[in-house]
Amino acid sequence: MVSQVLQHRLVKNQVFRFVFSAGVGFLVDISAFYLLYHNLLSQHTYQVFSFTVRNFSLSLAISFFLGVIVNFLITKFLVFHESQSRSSKQFIRFVAVAIIGFFANLTVVKLLIQEMDVYPPYARVMAALSLFFVSYFIHKVFSFSLSLRHAS
């Protein structure tokens, strides 16, 4: 009985649903990062347009945006479903926040790898976790135009 009540409360809790959504998006992101970094992008550097890009940066770019798409869909339909904003507006805002988050993640990943010699998949996890909590509030208020007062 107690576990059912707790389970019901967790499912009703918006923050818990956001953690779930972000967690699924993160699993997609880190899985894709690992596969890209170890299996698909085997060269140390790549030419992207006129830029030389390291394999971990290119892996991060691709995996991050795969995770963003999954995260947006789950967040839209499971977490902030009461939002009255148009889906296109929500998506554009979500992606705008994600782009800023991407560069924040890239900065942290580069620091961890190049300055602290952290193994790239570990650096990716550490960067994502360090930037997670602020994203809930930004997406709630900005991406989905909801008040901070109700977090249920």
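Residues numbered from 1 in each chain as written. Predicted model: local features only at pLDDT ≥ 70, side-chain atom pairs only at ≥ 80, totals over all residues. Heavy atoms only, no water.

## A closer look at unusual backbone geometry
Item 1. Of note in the backbone geometry, Asp-117 takes a positive phi value of approximately 55 degrees without being a glycine.
Item 2. Position of Asp-117 relative to the elements: it lies in the loop between α4 (87-115) and α5 (120-130).
Item 3. The class of Asp-117 is exposed, set by a relative accessible area of 69%.
Item 4. Its identity is not glycine, yet Ser-145 carries a phi of approximately 50 degrees, on the positive side.
Item 5. The residue Ser-145 is located in the segment after α6 (132-143) in this model.
Item 6. Ser-145 gets classed as partly exposed once you look at its relative accessible area, which sits at 36%. (Helix = DSSP H or I, 4+ residues; strand = E, 2+ residues; numbered from the N terminus. Buried < 20%, exposed > 50% of the residue type's maximum accessible area, 1.4 Å probe, protein only.)

## Some remarks on the environment of Phe-33
Item 1. With respect to the secondary-structure elements, Phe-33 resides in helix α2 (residues 14-40).
Item 2. Residue Phe-33 is classed as buried on the basis of its relative accessible area of 0%.
Item 3. Phe-33 sits 39 residues away from Phe-72 along the chain, and the two C-alpha atoms are 18 Å apart.
Item 4. Setting aside its immediate chain neighbours within four residues, Phe-33 contacts Phe-56, Ser-59, Leu-60, Ser-63, Pro-120, Pro-121 and Arg-124. (Contact = heavy atoms within 4.5 Å.)

## Side note on the pairing of strand β2 (residues 51-54)
Item 1. Two elements, strand β1 (residues 45-48) and β2, share four bridges in a ladder whose sense is antiparallel. Each bridged residue has a counterpart across the sheet, and for Val-48 the counterpart in β2 is Phe-51.
Item 2. The turn joining β1 and β2, which pair antiparallel and follow one another in sequence, is formed by two residues; a positive phi near 55 degrees is taken by Phe-49. (Pairing = 2+ DSSP bridges.)

## Describing the confidence of the model for the chain
Item 1. Confidence along the chain averages 87 in pLDDT terms, with 94% of residues attaining 70 or more.
Item 2. Per-element averaging of pLDDT across the chain places helix α1 (residues 2-12) at the bottom with 72 and helix α3 (residues 55-79) at the top with 92. (pLDDT = per-residue confidence, 0-100.)

## Things to note about the pattern of salt bridges
Item 1. The final tally for this structure, using the stated rule, is one salt bridge.
Item 2. Among the ionic pairs, Arg-124 bridges to Asp-29, the shortest N-O distance being 2.3 Å. Remark: Asp-29 occurs in helix α2 and Arg-124 occurs in helix α5; sequence separation between them is 95 residues. Judged on exposure class, the residue Arg-124 and its partner Asp-29 are both buried. (Salt bridge = Lys/Arg side-chain N within 4 Å of Asp/Glu carboxyl O.)

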